[in-house]
Amino acid sequence: MRKIIAINASPRTGWNTATLVHEAARGAEAEGAEVKVIDLYSLDRFAGCISCFGCKLPASLGKCVYKDALAPVLEEIRQADGLILGTPNYLGEASASFRALYERLVFQYITYKMEPRSYNTHMIPVLFIMTSNAPEAFYTPEGYGRVVSAYQNTLSGIIGPTKTLIASDTLQVNDYDKYDWTMFDPEAKRARHETVFQEVKQSAFSLGADMAKGQWE
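Computed from a predicted structure; not experimentally measured.

Undergrad: Tell me what's going on with the overall build of the chain, and back it up with residues and numbers.
TA: Summing up its helical and strand segments, the chain has 6 helices and 5 strands in all. Taken from the N to the C terminus, the helices and strands of the chain come in the order β-α-β-α-β-α-β-α-β-α-α. Judged by the C-alpha coordinates and their principal axes, the chain covers about 60 × 35 × 35 Å. Burial analysis of the chain (217 residues in total) assigns 48% to the buried set. Pairs at least 24 apart in sequence give 77% of the contacts found in the chain among residues at least 6 apart.

Undergrad: So, the pairing of strand β2 (residues 34–39): which residues are in play, and what are the values?
TA: Bridging between strand β1 (residues 3–8) and β2 involves 6 bridges; their strand directions are parallel. Bridge pairing links Lys3 to Glu34 in β2. What joins β1 to β2 is helix α1 (residues 16–30), and the crossover it makes is right-handed.

Undergrad: Which residues make up the packing of helix α3 (residues 96–107) against helix α4 (residues 144–158), and what are the values?
TA: Running from amino to carboxyl end, α3 crosses α4 at an angle of 30°, the nearest separation of the two axes being 11 Å. The angle between α3 and α4 falls in the class roughly parallel. When the axes of α3 and α4 are compared, the crossing they make is left-handed. Here α3 contributes Phe98, Arg99, Tyr102 and Val106 to the contact with α4, which in turn contributes Ala150, Tyr151, Thr154, Leu155 and Ile158. The class makeup of the residues in the contact of α3 with α4 is 7 nonpolar, 1 polar and 1 charged.

Undergrad: Describe in detail the packing of aromatic side chains, supporting the description with residues and values.
TA: Applying the stated criterion across every chain, the model contains 13 aromatic pairs. Ring centres 5.3 Å apart and planes at 90° place the aromatic pair Phe98 and Tyr151 in the edge-to-face group. Taken together, the residues Phe98 in helix α3 and Tyr151 in helix α4 connect sequence positions 53 residues apart. Neither residue differs from the other here; Phe98 and Tyr151 are each classed as buried. Taken together, the ring pairs in this structure connect Phe98, Tyr102, Phe128 and Tyr151 into an aromatic cluster. Here Arg12 stacks its cationic end above the ring of Trp15, 4.4 Å away from the centre of that ring.

About the thresholds
Think of each chain on its own: its residues are numbered from 1, step by step along the sequence as written. With the structure being a predicted model, the display of local features is reserved for residues of pLDDT at least 70 and the display and counting of side-chain atom pairs for 80 or more, all residues being used for whole-chain, interface and lining totals. Neither water nor hydrogens contribute to the side-chain values; these are computed over all heavy atoms in the structure. Strands here mean DSSP runs of E at least two residues long; helices mean DSSP runs of H or I at least four residues long; both are numbered from the N terminus. Exposed residues in this analysis have more than 50% of their type's maximum accessible area, buried residues have under 20%, and partly exposed residues fall in between, with area computed by a 1.4 Å probe over protein chains only. Between two residues, a contact is recorded if the distance between any of their heavy atoms is within 4.5 Å. We call two strands paired when DSSP finds no fewer than two bridges between them. With its strands directed away from the observer, a crossover is right-handed exactly when the path from the first strand over the helix to the second travels clockwise. With axes taken as lines fitted to C-alpha atoms, and helix axes fitted only over the stretch in contact, angles between N-to-C directions fall between 0 and 180 degrees. Oblique is the label for any angle not covered by the other classes, which are roughly parallel (under 35 degrees), roughly antiparallel (over 145) and roughly perpendicular (65 to 115). We call a crossing left-handed when the near helix sits turned anticlockwise from the far one by less than a right angle, and right-handed when that turn is clockwise. Note on residue classes: Ala, Val, Leu, Ile, Met, Phe, Trp, Tyr, Cys and Pro are nonpolar, Asp, Glu, Lys and Arg are charged, and everything else, Gly too, is polar. Pairing of aromatic rings covers Phe, Tyr and Trp, the last counted by its six-membered ring, and requires centre-to-centre distances within 6.5 Å; plane angles under 30 degrees mean stacked, over 60 mean edge-to-face, and any other angle means tilted. Put simply, a charge is over a ring when the Lys NZ or the Arg CZ is close to the ring centre, within 6 Å, and near the line of the ring normal, within 35 degrees.

Right, dumping it as structure tokens:
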């Protein structure tokens with residue numbers, strides 16, 4: 001049985017990012033995979049890379065040695081057959097908790113050598129999900145698409161072949177009037193949530209199923 005780790009790097013456990021992470025997890029489970037979902041913001045305190053270089057020492061090559069709440073998460077990813085990562089777009093970037101995990105996950109494998117370039121000998125498929133209040137038009141190669149591509153390229157090179165799924169122009173809250181956010185059309189947001197976002201959920205489910213079936217290229 002394949003084991004897949006699915007990580008929600010949003011502080012909101014019932015909204016867009018978490019929903020898509022869980023849908024991808026459901027798709028994997030439907031194909032017989034064992035899936036563990038982790039909400040990063042529910043963990044105890046943790047940090048990004050502290051640049052101790054412990055992962056470059058002979059006794060711990062390729063393994064982050066810093067002990068905090070991310071340590072067991074990194075170990076579970078190390079033992080997994082697939083990885084689902086979901087983050088909201090905050091100010092044009094991934095969330096702070098995602099960045100902390102990303103630094104620790106990737107940096108431990110970088111060798112600083114000509115050969116080998118990576119200490120990771122267990123490459124696994126990765127699904128990178130980003131949700132965003134910003135419209136789809138913002139995800140051009142010169143815009144947010146550049147950020148997504150950078151994560152995809154690095155994850156593909158260090159962790160394993162990575163696919164991306166973007167949910168744009170999302171519904172942020174149920175009651176827009178409460179915040180007086182006059183730049184949005186609440187009815188249009190709700191309509192999109194009931195149509196387009198449901199299609200993205202189906203895509204997440206299918207991608208999770210493909211990961212579990214080993215259909216990842």
